[in-house]
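Single-letter residue listing:
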Amino acid sequence: MDILEFYKKALTIRFFEEKVDWLFSRGLLGGTTHLCIGQEATAVGVVGALRQDDYIVSTHRGHGHLIAKGADITKIFSELLGKREGYCKGRGGTQHLCVMELNFLGTNGITGGGLPIAAGAALSIKLSGEDRIAVCFFGEGASNQGTFHESLNMASIWNLPILFVCENNMYAMSTRFSDISKFDDVALRAASFGIPSVIIDGMDAGRVFENTKKIAEKIRQGGGPALIEAKTYRFCGHSKSDARLYRTREEEAAWKQKDPLPKMELKLLEVISQGEIEVIKRSIKASVDDAYEVAVAGEDPGVEEALEGAYAQREDLLPQGNI
Amino acid sequence: MPWTKIYSNKEEFEKAAAGSTLRGITYKEAILEATSRMLEQDKSVFVIGEGVDDAGGVFGTTKNLHLKFGKDRVMDSPLAENGITGIAIGAAISGMRPILVHMRVDFLPLTLDQIINHAAKWHYMFGGKLSVPLVVRAIIGRGWGSAAQHSQSLPSLFTNIPGLRVLMPATPYDAKGLLRAAVYDGNPVIIIEHRWLYDHMGHVPEDDYTVPIGKGIVRREGKDATVVGISYMAYEAMRAAEALSKEGIETEVIDPRTVKPLDMGLIIESVKKTGRLVIADTGWKECSVGAEIVARIMEESCGILKAPVVRVNLPETPTPASPALEKAYYPGVDHIISAVKKTIQK
């Protein structure tokens, strides 16, 4: 694990999300968005332990996963701003970001919707005899969806190469997990499908990385599905209009003590100086600001583009010489 | 063409085909043959669904395919319709061509999240970067006490959604050709098959071919009235047309074959000629495929009708179980005959 690289990625996510938050507060960005400030360690730790050709299926809170996978933040800004240069030509927005060239199979506006889709990508890998794996992020809230139970069951019986990563940030919107589940741990549920699981500190990128690395390799070698439950916390609200009345400021303060970024800085200080860290921070902050400026100067899609693309034209699919 | 004809049973087919060298097979055999050929030719094709490997093989349409191609490619699945649909979508976007089979259309409502929120939208909302070449087959039951939860038709659940295609083949030829077209279309395609068509026979070439999606067909020409017969009702419409012909009324029968997209050009051309329209559908009336056909005629050529349209649909109740009630419930040839006469009397 290259701690410096991880730190830079995590910092990019943090500054990106803070910029998005700021843009929203100024009315410069429309719609809604779900920020992952506080949860950066799960994104960089999990994705950093994967190969480039591994699939990722993300959630509504997916900017961090995508940035960790190596996406161009200018293109993410462009998509959020509804620009033609966006990853999805402005048709998807924050909840529908897909980057096929990174094997990133989309953020998703339907809670739990990505679980079977990730299992399907894993089935594809298995049927093709490849040694890739599929990784599915989901929140603890999604573990009450039927798709969670259906997908874990099928992943188990078919021994699919899939890693389920539960980012348990304790709240499904404003609903506390302990109010909607008899147990605090999602990992317990994996046991009923015969899927091994671990519960880890999701605020510690190093721990997330080491666990993911170990488990992902086992899956890659045919070990079948596994589940990681990372206990984490979003420092911001569920979405832009959330005043966080369902939790106390004391609880928030206690979690802020576990902020993954200062933790990484402490580790970094063993190899570089505080001054160098400040330089890195300034440079990444500037690159995020620059990315936004480039994106916002981009083109709005033409009105005719709204009506294009409901259907794929895939003449390439038909096998040759059979008709 | 021989394969545009509709025959109900073996006797009818053999009588018509006497002296012909063209091969005849049933609707279910046509589906089995199309599936088997694609499994043979294309490693990315696989079949998944509850009971696809059972002894009956989904009423014969997947029979013994697991023995030939292995259980990895003809996969039995748990009772988890939404999950299986998601798995098929995930496989489709990562390079496979799944054919997902449901023994009853009634199980499709369990899959609507994955079909409507995901499959239908992915190509558009991801900027055209990935398509979802997913085929979902589902079968309309009828009779044997199928009743409310094993007999629904439900195309309108899907025809309302951009990004989807909905096919309702009525003949063995179309069943084979449209299934192949669906697998290689590149978009999510729902194929709704009527169980009562499964033993119908027809000419089916042994070679591979596709039937174009969005092209209807004139099953019988006539000048006095047009009947659009969807799925099994195409056959009932043919019987009605024969009976009406004996009374001197010549009915044009159109089988749209695919209900999304609809071949409105073909229907409008026919109605321009006849001025009268009856639509016979396997489902309910409100917001149905028939409703869409009428609306499109109003939008595109509202002056061509000489009489009000008459629609033949299921009554506005769920399907009853009792055979006595079922008899009263389902419209058929007689209803179509009356409907045609009604358009002519006006």
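These figures come from a predicted structure and were not determined experimentally. (Residues numbered from 1 in each chain as written. Chains lettered and ligands numbered in written order. Predicted model: local features only at pLDDT ≥ 70, side-chain atom pairs only at ≥ 80, totals over all residues. Heavy atoms only, no water.)

## Focus: the packing of helix H6 (residues 146–157) of chain A against helix H5 (residues 81–93) of chain B
1) Next: The N-to-C vectors of H6(A) and H5(B) enclose an angle of 65°; their axes lie 8 Å apart at closest approach. For the pair H6(A) and H5(B), the sense of crossing is right-handed. Contact residues: A:Thr147, A:Glu150 and A:Met154 in H6(A); B:Glu81, B:Asn82, B:Gly83, B:Ile84 and B:Ile87 in H5(B). (Axes fitted to C-alpha atoms, helices over the stretch in contact; angles between N-to-C directions. Helix = DSSP H or I, 4+ residues; strand = E, 2+ residues; numbered from the N terminus. Left-handed = near helix turned anticlockwise from the far one by under 90°. Contact = heavy atoms within 4.5 Å.)

## Section: the packing of aromatic side chains
For any pair of aromatic rings, the description consists of the separation of the ring centres together with the inter-plane angle of the planes.
1) Next: Applying the stated criterion across every chain, the model contains 15 aromatic pairs over all chains.
2) Next: Between B:Tyr7 and B:Phe13, the aromatic rings sit 5.3 Å apart at their centres with planes inclined by 75°, giving edge-to-face as the arrangement. Across this residue pair, the class does not change: B:Tyr7 and B:Phe13 are buried.
3) Next: Taking 6.2 Å as the distance between ring centres and 80° as the angle between the ring planes, the aromatic pair formed by B:Phe59 and B:Tyr198 counts as edge-to-face. Of the two residues, B:Phe59 is situated in helix H3 (residues 57–60) and B:Tyr198 in the loop between strand E7 (189–194) and strand E8 (201–203); the sequence distance between them amounts to 139 residues.
4) Next: The exposure class of B:Phe59 is partly exposed, given its relative accessible area of 21%.
5) Next: The class of B:Tyr198 is buried, set by a relative accessible area of 0%.
6) Next: An aromatic cluster is present here, built from A:Tyr171, A:Tyr233, A:Tyr246 and A:Trp255 joined pairwise through their rings.
7) Next: Positioned over the ring face of B:Tyr124 is A:Arg91, at 4.8 Å from the centre of the ring.
8) Next: When the ring centre of A:Trp255 is taken as origin, the NZ or CZ atom of A:Lys258, which lies over that ring, is 4.0 Å away. (Phe/Tyr/Trp six-rings, centres within 6.5 Å; stacked < 30°, edge-to-face > 60°. Buried < 20%, exposed > 50% of the residue type's maximum accessible area, 1.4 Å probe, protein only. Lys NZ or Arg CZ within 6 Å of the ring centre and 35° of its normal.)

## Considering the nonpolar core
1) Next: By size, the foremost hydrophobic cluster in this structure holds 153 residues, and its most contacted members are A:Ile76, A:Ile162, A:Phe164 and B:Ile293.
2) Next: For this core, the leading source of residues is helix H1 (residues 3–25) of chain A, giving 10 residues.
3) Next: Of the residues that make up this core, three or more belong to each of domain 1 (10–203) and domain 2 (217–345) of chain B.
4) Next: With residues near it in sequence (within four places) discarded, B:Ile293 still touches B:Val228, B:Leu262, B:Met264, B:Ile267, B:Leu277 and B:Ile279.
5) Next: The next biggest cluster of nonpolar side chains, apart from the first, holds 60 residues, and it includes B:Ile25, B:Ala34, B:Val58 and B:Val74. (Core = buried A, V, L, I, M, F, W, Y, C linked by side-chain atoms within 4.5 Å. Domains from an automatic or database assignment.)

## Some remarks on the interface of chain B and chain A
1) Next: Residue-level contacts link 53 residues of chain B with 46 residues of chain A.
2) Next: Interface of chain B and chain A: buried area, both sides summed, is about 3,900 Å²; carbon and sulfur atoms make up 64% of it.
3) Next: For the pair chain B and chain A, the number of links is zero salt bridges.
4) Next: Of all the secondary structure elements, the ones that give two or more residues to the side of chain B that touches chain A are strand E2 (45–49), strand E3 (74–76), H5 and helix H6 (112–125) of chain B.
5) Next: For the side of chain B that touches chain A, the class distribution of residues is 23 nonpolar, 19 polar and 11 charged. (Buried area = accessible area lost by both parts, 1.4 Å probe. Salt bridge = Lys/Arg side-chain N within 4 Å of Asp/Glu carboxyl O. Nonpolar A, V, L, I, M, F, W, Y, C, P; charged D, E, K, R; others polar.)

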